[in-house]
Amino acid sequence: MSPLLRWLGAALLLAGAAFFLSDYHNDVYRKLLLWVTLALSYNFLFGICGQIAFSHFAFYGIGAYSVVIFLFQFHLPFPLAILLGIALCILFALAVAIPSTRLEGFYLALATLALAQLFIVVLNEGGAVTGGPGGLANYKLPEFLGTRVRGPWYTAVIVLLLLGTLAVLWRLDRSWFGRACRAVRDNPEVAAAMGVDVARTKVIAFTLTSALAGVAGMVYAFVDNTVNPPIFGLDNAFLLLFMVIVGGAGRHAGAIIGAALLFLLPFVLSPLIGHHHVLVFGVLVVAAILLQPRGLVGLYDALRRHP
Amino acid sequence: MRKLLAVAAALFAASSFAQEPIKIGVITDRVGVSKPYSEPCTEGTLFGAAEINRRGGVLGRKIELLIEDDQSRPDISAALARKLIDQGAVFILSMSLTPATQQQQTVTMEAKTPQMTPMNSGDTLTTQLPNPYFWQTGPLGSIQIATLLAHARAQNLKRVALISDNSDLGQLLARFFRAGLEKSGIQIAAEEVVPRGATTAEPQMQKIRAANPDAMFMAGVLTAENVLIFKAYRQFGLKFPIHSSYNLSVPVYMSVAKGLIDGVTFVDAYDPDKPEVKQFIAEYTKATGKAPFNLHGYGYDGIMMVAEAIRRAGSTDKEKIREAMQQTSYAGVMGAKGMKYSFPEGKRAGFDPNGMVVRVYEGDRQGRVVHVGQK
Amino acid sequence: MQDFLELAVSAAASGCVYGLIALAYLLMIRPTGIINFAVGEWAMVGAFGGYLLLSEFEWPYPLGMAAVLVFMLMVGWLTERIAVRPLVERGAPLLAPILALLGMLVVFREAISVSFPPDPHPVPYALGIQHQSLFIIAVTSVVFIGVWLFFERTVAGKSFEAVAIHRRAAALMGINLSRVTALSFAGGAGAAGLAGLLVSPNVSAHYLMGVPLAIQGFTALVIGGVGRVEGALLGGLLLAFAEQLTVRYAPIPAGYAQGVPLLLLMLFLLLRPTGLLRAK
């Protein structure tokens, strides 16, 4: 089966499922798809490029807030709002990435941690523009070509976002850029000796994945038709990191599995063990790293090799 | 003949209890930042539901509470609202964070399902979205400041300080406190914020001291940070009166702020002398072995009002419940003596503007009521 | 002027708390390179230990404090045993124990959260509210002098340095790597737990107190530099002074003052990532 047919098939399957789900399951499904999308781009940044960052949710938020503000506060036309939102994400990402190329490892983590917190402060102090601590609500997705996309059709949009993100990352991964990223991750000095522009590679990787997160944020803004500061907070950034670790950093399948598992787990565990489920999470993460640092995907590989 | 009727009546009663229960959804927080408030509120609701069922239920049917935990995550909150609606809940009670309640509204508005928060006090909940299916019976921030100011009128305040924290509710209350103060023509000489995680409030209190206010109003809702404010106040030997939001009515301050809160006035919706309150405390203690406090009362009143609305609607049709709810006039545990919850003129915030009381801390205990309402 | 003096004492006390947390990070980073973000939760455990022993069981303060310290040493040693040693022995990349410790952060926080009621808990003062700042400064000074002496003057301390400089060479010279690691974690937990115990009479013990402390402590570490023990204290003091002086004197609205330490952190990272004090 040609690759294009495979992608089409996946799209149809994932989008089609939405039409058979109840409202509640559809809602959970949509948020699951968004988390998987975020995990994929985060996995590229963290697993493949080796950059620890906590800013992913901040860019998710920049995308979401900017599209809502441009559309409903400044009343810009839809396509322009989207473009400006993406431009904003790229701008902020460059502003963080370019100076950080001189920093290694946990310094970037710290800078992005600070960025994530600053973002929340700005949101809270933003007054009428950002809606302050209460956020923005009472808006709807604008009509596109005369119709308003809603319900399972909007889920299809999210499926397209997911597959689009995966496609972009997959191609990149297999290209020379992906190899350069891995080289930089494993040993920057050797990579530089081999002719890779280490700083540029890091900047492009960071900017690209952050922009992808921003686009996902724009799609998110119309899922609940509400944006407020707690959604984009640090707790979620940690959860995203855990997802990628448990699933298996560096592999797309790992991001998908980790995101699906850690997102759905509270829904399953909460009725069973009440409020202890977060504790179970922490234990799972520690166990995952101790027993199989390559994550669930690594476990699967190991089992395949020694059946 | 009479015997036949008696048997028929008994059979009828028995069979109606065998009918399906009325499902009421409850969205609360069991693990996140709202837990200290959500937990007692939920316990109050559970107690209320058990009492309703013991007395025969609603419309001859039992009430079944479907409880969900949103972990203080607003996006999960909205999904849970959908889940409850799918499961057949005819009413949703929201007892989690203010943004979570807000996010659930987008769902209940679309699904035309009645929703109420008995606890949240953010004024914007009923104004940000035109959702006719949502009601709020928690004491609004605007009512809190108006009540405090009415009590403080005798102090002839000209310039005051306002201090809060950087939580979303703290900021919201600060906004409405500010508006209330400005409306009364009182100048805000200093406005400070103590961020979450601060190790001291001394710099903020120094600025306030330098502004020499007639009084200080506290709008913060984070316990640890409020305690820092009290500590700095005592350490500097300051003397101006402190007036606080209803957050000070939570009993935890009696243990973590020992020796620090004597004389602090706060606004509350709980009058311990009210006969309904005394009865509530007695029955709750008998049933559970623990004494309740004001947060339990919010949850209790909430479920009682929902049950009463369904009774008046005469059915579980959501539209009829909505109409009945809007006509509510109910005297509950919370509020000043004689207060009733009601939603006049199509408004959806139901706490009577004159229904709050001002109390004062006497030593470390929550003391008597010193003022009622806004007069 | 009186304001400034009062503020100086308050900032010095807060700076000492941040410094202790930074010290905790430092004790673990130097020999192993492992950044343990769970130090904030360790501080929280120390605070809850103080609540239990001093408020609930009402032990005398010195006894309670000593007991909490001993308990924290064990907690640190145990954490290393569970989450770090298996990975180090397997030769896992440095990232693995860091991530495992992030998982432990959640485990610690939730363990406390499910064991105690959700409200904040009071912890008593050592000498009364008026003297707490001085007490904090005194205790911290003792700790830092002790640690400094340990590293400079004792053979055991120098072996720590050797491991920090070159692990393999140190191992070849007969230094027991795993013992050094275990001790460094125990010491880190002790420092962090002490910080929690010292700060909790003011902020009360509650289960969300860990993450802000971890972030503040790490900021202090970045400012002061990882190379020298004194750097941790210097970084903590600078951070606390910057925070509190900004709130008191800067003519900006209250809400924005919280952004100052974050901006400071980003500035340091960009301009001077190695911190103020260079390693020797």
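Sequence positions are assigned chain by chain, starting from 1 and proceeding in written order. Here every chain gets a letter starting at A, and every ligand a number starting at 1, in the order they are written. Where totals are concerned, whole chains, interfaces and linings use all residues; where local detail is concerned, this predicted model gives features only for residues with pLDDT of at least 70, and gives and counts side-chain atom pairs only at 80 or more. Side-chain figures throughout are based on the complete set of non-hydrogen atoms in the structure, without hydrogens or water.

**A short note on the overall build of chain C**
Think of it this way: any DSSP run of H or I at least four residues long counts as a helix, any run of E at least two long counts as a strand, and we number them from the N terminus. A tally of regular secondary structure across chain C gives eleven helices and zero strands. Overall size of chain C, expressed as C-alpha extent along the three principal axes, is 55 × 45 × 35 Å. Only protein chains enter the accessibility calculation, which uses a 1.4 Å probe; a residue is then buried when its area is under 20% of its type maximum, exposed when over 50%, and partly exposed in between. The buried share among the 280 residues of chain C stands at 60%. Contacts are assigned to residue pairs with any non-hydrogen atoms lying within 4.5 Å of each other. Contacts in chain C between residues at least 24 apart in sequence constitute 77% of all its contacts with a sequence separation of at least 6.

**Here's the deal with the nonpolar core**
Residue types Ala, Val, Leu, Ile, Met, Phe, Trp, Tyr and Cys, when buried and joined through side-chain atoms within 4.5 Å, form a set referred to as a nonpolar core. In terms of nonpolar packing, the biggest core is built from 315 residues, with A:Phe232, B:Ile24, B:Met205, B:Met216, B:Phe217, C:Tyr25 and C:Trp42 touching the most fellow members. Here this core takes 16 residues from helix α2 (residues 23–48) of chain A, the largest share from any one element. Note: domain ranges come from an automatic or database domain assignment. Looking at which domains feed residues into this core, each of domain 1 (3–232) and domain 2 (233–307) of chain A gives three or more. Beyond its immediate sequence surroundings of up to four residues, C:Trp42 is in contact with C:Met28, C:Asn36, C:Met72, C:Val75, C:Gly76, C:Thr79, C:Phe108, C:Phe185, C:Gly188, C:Ala189, C:Ala192 and C:Gly193.

**Topic: the interface of chain B and chain C**
Quoted interface sizes are often the accessible area lost when the parts come together. Taken together, the contact pairs 35 residues of chain B with 33 residues of chain C. By buried area we mean the combined loss of accessible area, with a 1.4 Å probe, across both parts when two parts are placed together. Of all residues in chain B, B:Thr199, B:Gln206 and B:Lys231 bury the most surface against chain C, accounting for 20% of the area lost on that side. One side-chain nitrogen of Lys or Arg within 4 Å of one carboxyl oxygen of Asp or Glu is enough to make a salt bridge. The interface formed by chain B and chain C contains two salt bridges. In this structure, B:Arg209 and C:Glu6 form a salt bridge, with 2.7 Å as the shortest nitrogen-oxygen distance. Think of a polar contact as two N or O atoms within 3.5 Å of one another; within protein, one of them needs to be a possible hydrogen donor and the other a possible acceptor, and neighboring residues in sequence only count if both atoms come from side chains. Across the chain B-chain C interface, the total number found is ten residue pairs in polar contact (both at pLDDT 80 or more). Mapped onto the side of chain B that touches chain C, the elements with two or more residues apiece are α2 (35–54), β7 (187–194), α7 (202–211), α8 (223–235) and α9 (252–256) of chain B. In this classification, Asp, Glu, Lys and Arg are treated as charged, Ala, Val, Leu, Ile, Met, Phe, Trp, Tyr, Cys and Pro as nonpolar, and every other residue, Gly included, as polar. Residues belonging to the side of chain B that touches chain C are distributed by class as follows: 15 nonpolar, ten polar and ten charged.

**What to know about the sheet that holds strand β5 (residues 134–136) of chain B**
Residue and element names in this part refer to chain B. Two strands make a pair as long as DSSP finds a minimum of two bridges between them. A sheet is described by the order of its strands in space; here five strands give the open sequence β2-β1-β3-β4-β5, paired in parallel fashion. Here the strands that pair on one side only, and so sit at the sheet edges, are β2 (63–69) and β5. Averaged over all pairs of adjacent strands, the angle between their axes in this sheet comes to 20°, without regard to strand direction. Sheet topology note: the strand β1 (residues 22–28)/strand β3 (residues 91–95) ladder contains five bridges and is parallel. When the bridges of β3 are listed, Gly 25 appears paired with Ile 92. Angles here are taken between N-to-C directions and fall from 0 to 180 degrees, while the axes themselves are lines fitted to C-alpha atoms, restricted in helices to the stretch in contact. The sheet strands contacting α2 are β1, β2 and β3, and the helix crosses β2 at an angle near 165°.

**Thoughts on the packing of helix α11 (residues 294–313) of chain B against helix α12 (residues 318–326) of chain B**
Residue and element names in this part refer to chain B. Taken N-terminus to C-terminus, the directions of α11 and α12 make an angle of 115°; their axes are 8 Å apart at the nearest point. Helix-helix and strand crossings are classified by hand; for α11 and α12 the assignment is right-handed. Every residue of α12 that contacts α11 at Met 305, Ala 309, Ile 310, Arg 312 and Ala 313 is listed here: Lys 320, Ile 321, Ala 324 and Met 325. Across the contact of α11 with α12, the residue classes break down as seven nonpolar, no polar and two charged. By definition, turning the near helix anticlockwise from the far helix through less than a right angle yields a left-handed crossing, and turning it clockwise yields a right-handed one.

**Observations concerning the interface of chain A and chain C**
Residue-level contacts link 34 residues of chain A with 33 residues of chain C. Of the roughly 3100 Å² buried at the junction of chain A and chain C (both faces included), carbon and sulfur atoms supply 82%. Per-residue buried area on chain A facing chain C is highest for A:Leu110, A:Glu125 and A:Leu290; these three make up 18% of the total on that side. In this assembly, chain A and chain C are joined by zero salt bridges.

**A closer look at the confidence of the model for chain C**
Residues and elements named next belong to chain C. Confidence per residue, as judged by the predictor, is encoded in pLDDT with a range of 0 to 100. Confidence along chain C averages 88 in pLDDT terms, with 99% of residues attaining 70 or more. When pLDDT is averaged over each helix and strand of chain C, the minimum, 74, is found for helix α7 (residues 167–172) and the maximum, 94, for helix α2 (residues 39–56). Both scores are given for the predicted complex: the pTM is 0.87, the ipTM 0.88.

**Quick word on the domain arrangement of chain A**
All names here are of chain A. When cut into domains, chain A gives domain 1 (3–232) and domain 2 (233–307). Spacing between the C-alpha centres of domain 1 and domain 2 amounts to 21 Å. Taken residue by residue, the interface counts 30 residues in domain 1 and 23 residues in domain 2. Summing both sides of the interface, domain 1 and domain 2 together bury roughly 2200 Å²; the carbon and sulfur share of this comes to 80%. If you sort the residues of domain 1 by the area they bury against domain 2, Trp 35, Asn 43 and Phe 54 come out on top, with a joint share of 27%. Counting across the interface, domain 1 meets domain 2 through zero salt bridges. Where domain 1 packs against domain 2, one counts five residue pairs in polar contact (both at pLDDT 80 or more). Listing elements by their share of the side of domain 1 that touches domain 2, those giving two or more residues are α2, α3 (56–72), α5 (106–125) and α7 (152–174). Ranked by residue count, the leading element in the side of domain 1 that touches domain 2 is α2, at 14 residues. Of the residues contributing to the side of domain 1 that touches domain 2, the split by class is 23 nonpolar, four polar and three charged.

**Considerations on helix α5 (residues 132–153) of chain C**
Take the residue count of a helix, subtract one, and multiply by 1.5 Å to get its expected span. Compared with the 32 Å implied by 1.5 Å per residue over 22 residues, the 31 Å span of α5(C) between its first and last C-alpha is a close match. Next to the buried residues of α5(C) lie α1 (2–32), α3 (61–89), α6 (155–165), α8 (177–203) and α10 (229–249) of chain C.

**Focus on α2(A)**
An ideal rise of 1.5 Å per residue puts 38 Å on 26 residues; α2(A) measures up with 36 Å between its terminal C-alpha atoms. Immediately downstream of α2(A), the backbone of A:Gly50 shows phi near 70°, a positive value.

**Examining the packing of aromatic side chains**
The pairing test for Phe, Tyr and Trp rings, Trp by its six-membered ring, is centres within 6.5 Å, and the orientation test on the planes gives stacked under 30 degrees, edge-to-face over 60, and tilted for anything in between. Tallied over the full model, the rule gives 35 aromatic pairs over all chains. Ring centres of A:Tyr42 and A:Phe46 lie 6.0 Å apart, and the angle between their planes is 10°; this geometry places the pair in the stacked category. Here A:Phe46 and A:Tyr42 lie together in helix α2, a separation of four residues that amounts to about one turn. When sorted by exposure, A:Tyr42 lands in the same class as A:Phe46, which is buried. The rings of A:Trp35, A:Phe57, A:Tyr60, A:Tyr65, A:Tyr220, A:Phe232 and A:Phe263 are connected pair by pair, giving a single aromatic cluster. Note on criteria: charge over ring means Lys NZ or Arg CZ within 6 Å of the ring centre, with the direction from the centre no more than 35 degrees off the ring normal. Positioned over the ring face of B:Phe236 is B:Arg209, at 4.4 Å from the centre of the ring. Here B:Arg322 stacks its cationic end above the ring of B:Tyr133, 5.8 Å away from the centre of that ring.

**Digging into the sheet that holds strand β6 (residues 159–165) of chain B**
Residues and elements named next belong to chain B. Across the sheet, which stays open at both edges, the seven strands sit in the order β7-β6-β8-β9-β10-β13-β14 with mixed pairing between neighbours. Each edge of the sheet is formed by a strand with only one pairing partner; in this case those strands are β7 and β14 (365–372). Pairwise comparison of adjacent strand axes, ignoring direction, gives a mean angle of 25° for this sheet. Bridge count between β6 and β7: seven bridges; the pairing is parallel. By the bridge assignment, Ser 164 is partnered in β7 with Val 193. In this fold helix α5 (residues 141–152) packs onto β8 (215–218), β9 (242–244), β10 (265–268), β13 (357–362) and β14, with an angle of close to 135° to the strand it touches most, β10.

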